[in-house]
Structure formats: C-alpha cells, structure tokens
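# Results of the structural survey
Chain residues, written in single-letter form:
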Amino acid sequence: MSQCHIQSSHCGGFSHALCLSAFSVNGLHNRPKVIILSMFPLTEENKHVAQLLFNTGTCPRCIFRFCGVDFHTPYRLPYKHAAWLLVKQEMGKQSLLLGRNDVVQLKEAYKWITHPLFSEELGVPIDGKSLFEVSVVFAHPETVEDCHFLGTVCPDCFKPAKNKQSVFTRMAVMKALNKIKEEDFCKQFPCPPNSPKAVCTVLEIECAHGAVFVAGRYNKYSRNLPQTPWIIDGERKMESSVEELISDHLLTVFKAESFNFSSSGREDVDVRTLGNGRPFAVELVNPHRIHFTSQEIKELQQKINKSSDKIQVRDLQLVTREAIGHMKEGEEEKTKTYSALIWTNKAIQKEDITFLNDLKDLKIDQKTPLRVLHRRPLAVRTRVIHSMDAHYVDEHHFRLYLKTQAGTYIKEFVHGDFGRTSPNIGSLMNMTADILELDVESVDVDWPPALDD
C-alpha cells in the first residue's frame, strides 16, 4: 500500500516509451494533441468535478490525478530510476555526459504538457501553486515488492519507525537509490523497466487545504485568566483561556479541523495585558473556508470582542506563514514595559524610592524561578532593566514602571526569589519587598501591521 500526496507527488507508471520521451521535452511537445487527450480522457462527469476543483484553486495536475485515479498510474521509484539509467547509457554511447541536474524532472515535463491542455479544455487560467491537496491511498499488488531488493543491498537505509506501516518509505527508497551502485541496480532490476500490467486499486481519497494564518494583538483585562488552557494531571484549573476565547471563534468561522496558537511572549494568569496589546497568531489547520473580505474580518473581530469582557482583540488580519516569523525575530532584543504595585515591610518615604529612577540599564542575573522550574531548564540568564520610574503611594506601597529586556521575570526582580535574582528591588532598598499587582503596559514588537478602526 502506498500513499500519494497528489499535489507534491511525481507522475509514474507511464509506459517505457513515454518515460524515455519525457526526457526529450521538445520531442514530447511535438506529439499531436489528440494523442495526449486520448491517453488522458476527461468524461463529462469528471469535467464538472474538475471545474469545481479549479474554482477552489487546485493545480491542474492534482485535478487530473483526482479524476484519473483508475488509469495505469502506479507510482514506482525503481522504474523511474531504471529509466534514468537507460537514458544515461544511451547518452553515453554518443559520448555525452549526463548528470541528474541536466535532466528535466518527469513531473515537470508532465506539467508542461497537461497544464495548457487543462486550461484549454476547461476555459480557465492555470495556477500551479495551490494549497488544496488531494491525497489518494492506493494498492498495487504487482509492484508492492519492487523495492524489497533494496533492503538487501542497502539495509542501513531502511530503519523501522513507530508510525510507519512499512520501512519502504519514499525517503528511504530514494536514499537507497542514491546510494546503490549502477551496476548493482541493473543486476537486480530490469533496465529498461517492464511496463505494469495491472491497474492500481484506489482505497481512499482525501481532500485537505493547507493551513491559513490569522494574526492580531490582544488585551487581557482579567487577573484570573491564563493565556493557554491550564490543565494539571488531566484536570482543568480555569474555566477558559485567552487562546480559547480567540481561537474558538476562528475555528468556527473558518470551519477548520484544529488550530495552533502562538504569541510574542506570555503573561501569568494574574497579570493583565494593557496598552496596544500582545501580538498573537493562530494557525488554522485544514480550513473549509478561506476567503474573507476585510469587512468580514472586522466583523469577526467585533464578534470576539463582544463575546467576553476579559479580552479584546485588535488589528485582526490574514497573514502568511512567513510573516509570522516577524513576531519571533529578535524577541529577546525587544523591550517590554510593565507597571507593578509593590509592598515593603518597612515604612518608606518618597525620598526612599527616588534613587530607582536614576538606575539605567541595570544588569541582573536570574536563576530559573522556582515557580517555573518544573517546565524550564535550570540556568542563569542575564537580563537588563533599562529604566525605572517609581511613584509613591503610601508608607508601605509604591508603583514602579519598568522598561526591561524581553524575557525578564518581573515578579522575581521585585521579591528576589530567595536570592535567585540579584540584584532585586528588596536588596536595592535593603528591605523585604513583594509584588501585589503586575500589568504589561506594552510589548514593543511592530507586528502585525496596525489597521484603521
């Protein structure tokens, strides 16, 4: 049994004559059009299916294979390798050297031929890059053991894997074919290769769409809401999360199977995120709807914001996979601004905290905090407190505004974490200090682009 991911798979199972002629692109293009069409007919029923797939952005070769799964098209790497060796030998007789990079891939020649034919037949333009994928699982008993001789010649290429039904995977076979000597291959496999006699049996057809990505910035106004679901030993500790309050709406509207949530850093469950919010991105897996107008996205944002008073979303937009990299680029070089309400065990006056305002680019060493040691490796990280601005509240409280390097543990910088963060506010003031409230005021990542309200 083989699995063919149609959008990215090669064309296989042609007769030997066609395999050879495919390496000569000009000769193949000169064949009469009627011959190609007679080899790959489109029935009236298939035309309707093909048109539907075209409208979803499916590339032509995917459509052909989807409509033509009953034809003689078993995919067999050894046959392709044998055809390549024969072409190389024939070229050698003419004193010509031929490398793999000198030969047009069979799948590319196939696309050049079929794309214009499909465009003409269906009356639509060609788009060879489609996120829509059709997977066909098929069986072909005649060739099921064609690769097995490679296991004897190159045993180190075939390692058992937990999630693989067979060791003869596409990558393993390709690795063995690149390793085996040409003379050894020709002894084990006919060259030119024999044409297949039986048709492959289709077992399963599955359609899927590539992931789409939605980005934005969120504000969190609750001190009782985790960023991601808080589950310990299988038991949910909080009713909801930022991730779920945002992504559940996206999952429904995009009709996706699942999602993956990521953000530029994270805040603790009892920390609010204010200001212009924290950048986030959601990957929506196998969505059944992908096209939205800017107005529809704006209405989706409004729907999310009306659903809860714990969060708000802004700048919601569709982005590319590549664009998400901007959210993570130079993450530790970025700065974040915080506001902390601090308690001291000793009575203080305004002049006791003014010296903090004069400290610039203060370097601190932070050993992995005790509260996250169960999920973070033990290490000492140097971080920078760029600036502080202290505001007196009363004799035991003051509010401290800090601009810090991203990745700084603010709570530990205040209370010291039993000496694991040094220096800290307590040691700088020569007293015990603790943090009562913490807010993220800004995350200085210029992504995603701001949108007009």
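Residues numbered from 1 in each chain as written. Predicted model: local features only at pLDDT ≥ 70, side-chain atom pairs only at ≥ 80, totals over all residues. Heavy atoms only, no water.

## Side note on the overall build of the chain
Quick reminder of the rule: Here a strand is any run of E in DSSP of at least two residues, a helix any run of H or I of at least four, and the numbering for each starts at the N terminus. Only heavy atoms matter for contacts: two residues are in contact if any of them lie within 4.5 Å across the pair. The method behind every accessible area is Shrake-Rupley, applied with a 1.4 Å probe, and residues are considered shielded solely by the protein chains displayed.
Each helix and strand counted, the chain has 15 helices and 15 strands in total. Of the contacts formed within the chain by residues at least 6 apart in sequence, a portion of 77% connects residues at least 24 apart. Accessible surface, the chain as shown: approximately 24200 Å² in total, 52% of it carbon and sulfur.

## Examining the nonpolar core
The cut-off we apply is this: Working definition of a nonpolar core: buried Ala, Val, Leu, Ile, Met, Phe, Trp, Tyr and Cys residues. They are joined through side-chain atoms within 4.5 Å. Note on classification: 1.4 Å probe, protein chains only; a residue is buried when its accessible area is under 20% of the maximum for its type, exposed when over 50%, partly exposed between these limits.
One finds M388, F398, L400, L402, I425 and W447 to be the most contacted residues of the largest nonpolar core, which totals 36 residues. Broken down by secondary-structure element, the contributors of at least two residues to this core are β4 (212-220), β10 (335-344), β11 (362-367), β12 (380-394), β13 (397-405), α14 (410-415), α15 (425-429) and β15 (433-443). Here this core takes five residues from β15, the largest share from any one element. Every residue in contact with W447, bar those within four places of it in the chain, is listed here: A215, R217, P279, F280, A281, V319, A323, I324, H326 and M327.

## Points about the packing of helix α11 (residues 242-254) against helix α12 (residues 294-307)
Put simply, the rule reads: Interaxial angle, 0 to 180 degrees, is taken between N-to-C directions of lines fitted to C-alpha atoms, where a helix line uses only the stretch in contact. Here the angle decides the label: under 35 degrees means roughly parallel, over 145 means roughly antiparallel, 65 to 115 means roughly perpendicular, and every other value means oblique. The handedness criterion is simple: a crossing whose near helix is rotated anticlockwise from the far helix by less than a right angle is left-handed, and one whose near helix is rotated clockwise is right-handed. Only Asp, Glu, Lys and Arg are considered charged in this grouping, and only Ala, Val, Leu, Ile, Met, Phe, Trp, Tyr, Cys and Pro are considered nonpolar; every other residue, Gly among them, is considered polar.
Between α11 and α12, the least distance of the axes is 10 Å, while the angle of their chain directions is 140°. One element, α11, and the other, α12, form an angle in the oblique class. At the point where α11 passes α12, the crossing takes the right-handed sense. Facing α11, whose interface residues are L245, I246, H249, L250, V253 and F254, α12 presents I297, L300, K303, I304 and S307. Considering only residue class, the contact of α11 with α12 consists of eight nonpolar, two polar and one charged.

## Observations regarding the environment of V87
Positionally, V87 belongs in helix α6 (residues 77-93). Classification of V87 as buried rests on a relative accessible area of 13%. The sequence separation of V87 and P192 amounts to 105 residues, and the corresponding C-alpha distance is 9.3 Å.

## A short note on the environment of D452
When you line up the elements, D452 lands in the segment after β15. Judged by relative accessible area, D452 falls into the exposed class, the value being 73%. For D452 and R314, which are 138 residues apart along the polypeptide, the C-alpha to C-alpha distance reads 9.7 Å.

## Examining helix α9 (residues 170-179)
Note the cut-off: Directions from the helix axis toward the C-beta atoms define the arc.
What α9 keeps buried is the set A172, V173, A176 and L177. Projected down its long axis, α9 shows its buried positions confined to an angular sector of 135°, all on one face. Facing away from the buried side of α9 by more than 90 degrees, the exposed set consists of M171 and N178.

## A few points about the confidence of the model for the chain
Worth spelling out the cut-off: The predictor's confidence in any single residue is recorded as pLDDT, a number from 0 to 100.
Averaged over every residue, the pLDDT of the chain is 81; the share at 70 or more is 77%. pLDDT under 50 marks residues 1-41. Its contacts with residues more than four places away, or in other chains, come to 91 contacts. Below pLDDT 50 for its whole length, residues 68-75 participates in 24 contacts with residues either more than four positions away or in separate chains.

## A closer look at unusual backbone geometry
P423 follows S422 through a cis peptide bond whose omega is -10°. Assignment of secondary structure puts P423 in the loop between β14 (421-422) and α15.

## Focus: the pattern of salt bridges
Counted only if it meets this: Here, a salt bridge means any Lys or Arg side-chain nitrogen found within 4 Å of an Asp or Glu carboxyl oxygen.
For the structure on display, the rule yields 15 salt bridges. Salt bridges sharing common partners tie together R223, R272, R399, E437 and D439.

## Notes on the environment of M388
Within the fold, M388 resides in strand β12. If sequence neighbours within four positions are ignored, M388 has contacts with L356, N357, L359, L362, L400, Y401, L402, F413 and I425.

## Brief notes about α12
Since one α-helical turn is 3.6 residues long, residues separated by three or four positions face the same way. Applied cut-off: Each helix should span, by expectation, one fewer than its residue count multiplied by 1.5 Å.
Taking 1.5 Å of rise per residue, 14 residues should cover 20 Å, and α12 covers 20 Å from first to last C-alpha, within 8% of that figure. Here α12 has its buried residues at I297, L300, Q301, I304 and N305. The buried residues of α12 occupy an angular sector of 135° when the element is viewed end-on, so they sit on one face. On its buried face, α12 is in contact with α11 and β9 (311-319).

## Description of the packing of aromatic side chains
Going by this rule: Stacked, tilted and edge-to-face are the three classes applied to pairs of Phe, Tyr and Trp rings, where Trp contributes its six-membered ring and a pair requires centres within 6.5 Å; stacked means planes under 30 degrees apart, edge-to-face means over 60, and tilted covers the rest.
Scanning the entire structure with this criterion turns up seven aromatic pairs. Through a chain of ring-to-ring contacts, three or more aromatic side chains come together here, namely F149, F185 and F189.

## Describing the side chain of S247
Relative to the elements of secondary structure, S247 occurs in helix α11. For S247, a relative accessible area of 0% corresponds to the buried category. For S247, the contacting residues outside a window of four places in its chain are F259, F261 and V282.

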